[in-house]
Structure formats: structure tokens, C-alpha cells
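One-letter residues, chain by chain:
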Amino acid sequence: LRSLWLEWLVCAVHVPPWYTDEWSALSVHNLVAYRMETVGMVCNILRCYLTWWLFQQYMVSDLPMRHAVTRITTVPFGHVFALKRAVNDWNAVTYLTILWGFFIVFFAYLFRSSEITACLVS
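Bear in mind the structure is a predicted one, so any value in this text is a computation, not a measurement.

A.B. asks: Would you take a moment to explain the side chain of Gln 56 for this structure?
C.D. replies: Examined against the element boundaries, Gln 56 turns out to sit in helix H3 (residues 50-60). Take Gln 56: its relative accessible area is 7%, and that puts it in the buried class. Setting aside residues up to four positions removed in sequence, Gln 56 forms contacts with Phe 77, Gly 78, His 79 and Ala 82.

This is the structure:
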């Protein structure tokens, strides 16, 4: 129940469309300003973890009688199984390339949103 409330809290955070605000701070003799929309987007980008659930279901969806096998053997077909199955597949290079590209874009956006005003505002 606690994880459900935490997930609702993460997914509920958003900036209303009519609200805008800015914060500024002085960092190494440079003015850095953050817009509320940027901070809200950084919080909303945490929702990307929801794609993992989709990927996990995709990896075990073609297994016949997976629920019966899980009950009989007491081996859960959860996150670790999905990851092992993805890496043990012929498409592992594709999966890892997509994951690598996603993380590059993800961290590039976070870095850009934290540093862009330091370059533009003088």
C-alpha cells in the first residue's frame, strides 16, 4: 500500500498550465535562474520508470502458462527474469542500444535544464 501511495505521489506532481514562476541563485559569480516549468518537467521525467512495467510484461507475455508455472515452481517471473530474458535474447543488442540512447537523452535533458540559464544569463 505504501508503494501505491508513493507511485500516486510521483505521478500526481505537475505544474498547472496557468502558473509560472522563477527562482534565481548566484553560483560562482554567475546568475542561474530556474523556471517552474523546467523544475516540473524534471519531476515529471521520473515517470519514465513506468515503461519498465510495460517492458517486463512484454518480455513474459509470450510464455505459455506462465502463471501456472510460477505457482508450481514458486519462481516469480518478475523484474529479474525479464531482464535476464532480454539479455539472453538475439535482440539484446537492440534492447541495450535503445536503453543507452534513452539514458543519453534523459541525462542530457537533465543537464541542459540545470545549466542552460548559466550560459544565457550574464
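A.B. asks: Before we go on, may I ask you to explain H3 in this structure?
C.D. replies: Gln 56, Met 59 and Val 60 are the residues of H3 that are buried. Axial view of H3: buried residues confined to an arc of 85 degrees, hence all on one face. Facing away from the buried surface of H3 by more than 90 degrees, the exposed residues are Thr 51, Leu 54 and Tyr 58.

A.B. asks: Before we go on, may I ask you to explain unusual backbone geometry in this structure?
C.D. replies: Across residues other than glycine, the phi torsion is negative in most instances, and most of the peptide bonds are trans. Of note in this structure, Met 65 is not a glycine but carries a positive phi near 55 degrees. With respect to the element layout, Met 65 can be found in the loop between H3 and helix H4 (66-73). Residue class for Met 65 comes out exposed when judged on its relative accessible area of 63%.

Criteria and cut-off values
Residues numbered from 1 in each chain as written. Predicted model: local features only at pLDDT ≥ 70, side-chain atom pairs only at ≥ 80, totals over all residues. Heavy atoms only, no water. Helix = DSSP H or I, 4+ residues; strand = E, 2+ residues; numbered from the N terminus. Buried < 20%, exposed > 50% of the residue type's maximum accessible area, 1.4 Å probe, protein only. Contact = heavy atoms within 4.5 Å. Arc of directions from axis to C-beta.

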